[in-house]
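Chains, contacts and geometry: an overview
Here is how the chains run, residue by residue.
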2 protein chains.
Amino acid sequence: MSLTLNAPLDMHLHLRDGQMLENIAKCSASSFSGGLIMPNLVPPVSTKEDVIAYKQRIIQAIGDEEFEPYMTLFFDPSFDREFLESIKSDIIGIKLYPAGITTNSEGGLSGFDVEELRGVLTAMSELDIPLCVHGETNGFVMDREAEFVSIYERLATAFPKLKIIMEHITTKASVDALDRFENLYATITIHHLLITLDDVAGGMLNPHLFCKPIAKRPEDRDALRKVALEAHPKVSFGSDSAPHPREAKESCGCAAGVFTAPIALQLLAQLFDEADAPIENLQAFVSGNGQKIYGISPIPKTITLEKSPFVVPNDYNGVVPMYAGETISYSIISKD
Amino acid sequence: MSLTLNAPLDMHLHLRDGQMLENIAKCSASSFSGGLIMPNLVPPVSTKEDVIAYKQRIIQAIGDEEFEPYMTLFFDPSFDREFLESIKSDIIGIKLYPAGITTNSEGGLSGFDVEELRGVLTAMSELDIPLCVHGETNGFVMDREAEFVSIYERLATAFPKLKIIMEHITTKASVDALDRFENLYATITIHHLLITLDDVAGGMLNPHLFCKPIAKRPEDRDALRKVALEAHPKVSFGSDSAPHPREAKESCGCAAGVFTAPIALQLLAQLFDEADAPIENLQAFVSGNGQKIYGISPIPKTITLEKSPFVVPNDYNGVVPMYAGETISYSIISKD
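The shown structure was predicted, so the numbers you read here are calculated from the model rather than taken from an experiment. (Residues numbered from 1 in each chain as written. Chains lettered and ligands numbered in written order. Predicted model: local features only at pLDDT ≥ 70, side-chain atom pairs only at ≥ 80, totals over all residues.)

Counting its secondary structure elements, chain A contains twelve helices and 13 strands. Against the 2.2 N^0.38 benchmark of 20 Å for 336 residues, chain A shows a C-alpha radius of gyration of 18 Å, consistent with a compact globule. When its C-alpha atoms are laid out on the principal axes, chain A stretches across 55 × 40 × 40 Å. Residues classed as buried in chain A amount to 51% of the 336 residues present. For chain A, restricting intrachain contacts to residue pairs at least 6 apart in sequence, the fraction spanning at least 24 positions comes to 70%. (Helix = DSSP H or I, 4+ residues; strand = E, 2+ residues; numbered from the N terminus. Rg over C-alpha atoms; globule rule 2.2 N^0.38 Å. Buried ≥ 20, exposed ≤ 12 C-beta atoms within 10 Å, placed from the backbone. Contact = placed C-beta atoms within 7 Å.)

Okay, unusual backbone geometry next. Both trends apply: most residues other than glycine have a negative phi, and most peptide bonds are in trans. Here the bond from Lys212 of chain A into Pro213 of chain A is cis, since omega is 0°, no more than 30 degrees from zero. On the secondary structure map, Pro213 of chain A appears in the loop between helix H8 (197-201) and helix H9 (218-229). In the segment running from Val42 of chain B into Pro43 of chain B, the intervening peptide bond is cis, with an omega of -5°. Within the secondary structure, Pro43 of chain B is located in the loop between strand E3 (34-37) and helix H2 (48-62). The phi torsion at Asp128 of chain B lies on the positive side, around 60°, for a residue other than glycine. Here Asp128 of chain B is to be found in the loop between helix H4 (114-126) and strand E6 (131-133). Taking the C-beta count within 10 Å as the criterion, Asp128 of chain B has 12 such neighbours and is therefore assigned exposed.

All names here are of chain A. The N-to-C vectors of helix H1 (residues 18-29) and helix H2 (residues 48-62) enclose an angle of 75°; their axes lie 8 Å apart at closest approach. Here H1 is positioned roughly perpendicular relative to H2, judged by the angle of their axes. Of H2, the residues touching H1 (which contributes Leu21, Glu22, Ala25, Lys26 and Ala29) are Arg57, Ile58, Ala61 and Ile62. Its residues assigned to classes, the contact of H1 with H2 comprises six nonpolar, no polar and three charged. (Axes fitted to C-alpha atoms, helices over the stretch in contact; angles between N-to-C directions. Parallel < 35°, antiparallel > 145°, perpendicular 65-115°, else oblique. Nonpolar A, V, L, I, M, F, W, Y, C, P; charged D, E, K, R; others polar.)

Residue and element names in this part refer to chain B. Sheet architecture is open: three strands sit in the order E1-E10-E13, paired in antiparallel fashion. Looking at the sheet topology across the chains shown, the edges are occupied by strand E1 (2-6) and strand E13 (331-335). This sheet shows a mean twist of 30° between the axes of neighbouring strands, independent of strand direction. The sheet contact formed by E1 and strand E10 (residues 302-306) spans five bridges and is antiparallel. The residue bridging Leu3 from the neighbouring strand is Leu305, located in E10. The sheet contacts of helix H11 (residues 264-274) involve E1, E10 and E13, and relative to E10 the element is tilted by about 55°. (Pairing = 2+ DSSP bridges.)

What follows deals with the relation of the copies chain B and chain A. With an axial shift of 0.0 Å and an RMSD of 0.0 Å, the rotation relating chain B to chain A amounts to 180°. Here the transformation between the copies is reduced to the relation of a two-fold axis. Using C-alpha coordinates, one finds that chain B approaches the rotation axis most closely at Ser251 of chain B, a distance of 3.4 Å. Interface overlap between copies is the fraction of interface residues in one copy that are interface residues in the other; for chain B against chain A it reaches 100%, indicating a shared surface. (Least-squares fit on C-alpha atoms with pLDDT ≥ 70 in both.)

Attention shifts here to helix H5 (residues 144-158) of chain A. Between the first and last C-alpha of H5 of chain A there are 22 Å, a value that for 15 residues agrees with the 21 Å anticipated at 1.5 Å per step. The elements touched by buried residues of H5 of chain A are strand E7 (164-166), helix H6 (172-178) and strand E8 (184-188) of chain A. (Expected span 1.5 Å × (residues − 1).)

What follows is about the pairing of E3 of chain B. Residue and element names in this part refer to chain B. Burial of the side chains of E3 extends over both faces: Gly34 and Leu36 are buried on one face and Gly35 and Ile37 on the other. Bridge count for strand E2 (residues 9-13) against E3 is three bridges, and the pairing is parallel. Paired with Leu9 across the two strands is Gly34, which belongs to E3. Crossover handedness for the path E2 to helix H1 (residues 18-29) to E3: right-handed. With four bridges connecting them, E3 and strand E4 (residues 68-74) associate as parallel partners. Directly across from Ile37, in E4, lies its bridge partner Met71. One crossover worth recording links E3 to the parallel E4 by way of H2, and it is right-handed. (Right-handed = clockwise from strand over helix to strand, strands pointing away.)

Here we take up the sheet that holds strand E13 (residues 331-335) of chain A. Across a sheet, strands are paired by hydrogen bonds formed along the backbone, either parallel or antiparallel in direction. Residues and elements named next belong to chain A. Taking strand neighbours across the sheet as the criterion, the three strands line up as E1-E10-E13 in an open arrangement whose pairing is antiparallel. Pairing within the sheet leaves two strands with one partner each, and these edge strands are strand E1 (2-6) and E13. Neighbour-to-neighbour, the strand axes of the sheet open up by a mean angle of 30°, direction not taken into account. Across the sheet, helix H11 (residues 264-274) touches E1, strand E10 (302-306) and E13, and the angle it forms with E10 is around 55°.

The biggest cluster of nonpolar side chains holds 212 residues, and the ones touching the most others in it are Leu131, Ile164 and Leu268 of chain A together with Leu131, Ile164 and Leu268 of chain B. Not counting chain neighbours up to four residues away, the residues in contact with Ile164 of chain A comprise Leu131, Val133, Tyr152, Leu155, Ala156, Asn183, Leu184 and Tyr185 of chain A. (Core = buried A, V, L, I, M, F, W, Y, C linked by C-beta atoms within 7 Å.)

Residue and element names in this part refer to chain A. At their nearest, the axes of H11 and helix H12 (residues 279-294) sit 10 Å apart, and the two run at 145° to each other. The two elements H11 and H12 cross, and the hand of that crossing is right-handed. Contacts from Leu268, Ala269 and Phe272 in H11 reach Asn281, Leu282 and Val286 in H12. A per-class count over the contact of H11 with H12 returns five nonpolar, one polar and no charged. (Left-handed = near helix turned anticlockwise from the far one by under 90°.)

Contact with chain B, which involves 23 residues of that partner, is made by 23 residues of chain A. Per-element tally for the side of chain B that touches chain A: the top contributor is helix H8 (residues 197-201) of chain B, with four residues. Class assignment for the residues of the side of chain B that touches chain A results in 15 nonpolar, five polar and three charged.

Quick look at the pairing of strand E5 (residues 93-96) of chain A now. Residues and elements named next belong to chain A. On E5, burial covers both faces: Gly93 and Lys95 on one face and Ile94 and Leu96 on the other are all buried. Bridge count for strand E4 (residues 68-74) against E5 is three bridges, and the pairing is parallel. The residue of E5 that forms the bridge with Phe74 is Lys95. With helix H3 (residues 81-87) bridging E4 and its parallel neighbour E5, the resulting β-α-β unit is right-handed.

With that settled, the discussion passes to H2 of chain A. Residues and elements named next belong to chain A. End to end, H2 covers 21 Å across 15 residues, agreeing with the expected 21 Å (1.5 Å per residue, within 8%). Those residues of H2 that sit buried are Val51, Tyr54, Ile58 and Ala61. Viewed end-on, H2 has its buried residues packed into an arc of 95°, placing them on one side of the element. Residues of H2 that are exposed and angled more than 90 degrees away from the buried face: Glu49, Ala53, Gln56 and Gln60. At the C-terminal side of H2, Gly63 shows a positive phi close to 70°. (Arc of directions from axis to C-beta.)

All names here are of chain A. In this fold, Leu5 is placed in strand E1. Classification of Leu5 as buried rests on a count of 23 C-beta atoms within 10 Å. Considering only alpha carbons, one finds Leu5 and Phe32, 27 residues apart in sequence, at a separation of 9.7 Å. Non-local contacts of Leu5, meaning those with residues more than four positions away in its chain, are made with Leu265, Leu282, Gln283, Val286, Ser287, Thr302 and Ile303.

Here you go:
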């Protein structure tokens, strides 16, 4: 039994920079047609020059693979309309991080005062530049995302024409918010469709499944699965694949992030198969929805998978993937 | 400013065996008058001979220190009255583990059928042997203890004269159960009085604070603090200090347990001081309540602490304590 996906897209991807970029870029480029590239480098990607230079470095790291890096900018409330107009053709979204909330987000936003944000968000709204948001407060780890929903609601109400993407949602609270506001969208990772906090800290501690936002409760995972499997039109796949060197994950004080890029499509195929969801829904979740939300036309590329065991490698150039050493039930058999 | 504690007791303590016992026994013996010793060795302590031999090994490891190891037995539903009578003078409690719920609990109990347990629990009840319970189900990690409360209630109702100790409670649900049943008691650790899940997995992952039951929500910690600080008469201090070699904590698949024995009294003094709680309450929480609940008269021993900075060592014979390398505000200055 095989299935073919057209132009799969990863709408939330960390490719890092330097040696790490060299080490892992092909993991995404070999199975995806394109990806939305996160700008949280050190220092962050925050100027037109940064975007252009980073895109070049990505293209170089990808080599022969056909893969479109859809670029984003690190949000700054001082961006003015002129700047946004000048950069509009180089990016497809702007990523907002609350200050200090995850890896390399120290320069993020503190406070979400609508009046202070009115200038930049009105301009983004008029220029049709989506706002991608890491939606967590500084509250208790299991509540951070649900607490942030009121901020999403405030922004969605104040800027009704602004496309707001709730990135890597992990809770029923965020899923529920999707349908309350026309301009709220979401990405969902494969790991949050598969695991709960039990997998991170219920048995032994598993640093390779530790990420931000942290995996939540079974009922949260159920809510995420429902909208993913039905291919809710406002939801698209974004892996949030986030490589760290093995040492940074396995040492005391483990860094946050799950590396899924090389196995994301296989796991998605397995999940949709096990749930008896239609292949069209997987196609929409992993490409069609993202194309419509962002208005993009990806590079033609087909990936064919079949139901045959795949033993996940122990690492990819020193980066340990999710389910390292375990056997998953789908394999990629050809690309075109 | 100094304070003197009389005969401090640790009513829930893991001393392990072999080299680990040698390495850490004095950490407890040097500051406590006695401790309730957990029986989850491999194989578990489940016969009179086991208890006597293990106690001897502990006394040997302690050396010159004055410290009473109050022994427990690993619960088995097949214990009969004759056996219990024969062992009553060697132990002060029997510890029940649900199967597979924590370190070395593979031989624990599956199912809590009152009729199946009637023989052994009636005998324990009549012989006044307390039942110490690790109260967690196999459910979602944040719900396991709260789900177990209904089992506590079932046992407390069916065996109203049996003293049931809810060990190392971590939730408001367990605190609330205390006053609903005359025969329910509890121990509380110092780490669960200090941390929440945020400290384990809210920033970076901290394996040295990973334990079972896992630290819960801020409101749970508040409920625990309330009954500890007021020295609720049914609650006593039990550290659940659980040493693992550094490698077992810091490697992938970290073992559960927080090692607090050598700093428990200092942290308790700091907590009660910061909360402006009366010293009598600390004395009751850390000794008087346990004496009354178990009907024991500990070895006379006084420990004097003062408010002066103590830098927690990075390890004690290869075991990393809670707050390793950090400075806490109380020090032990003399023992008598």
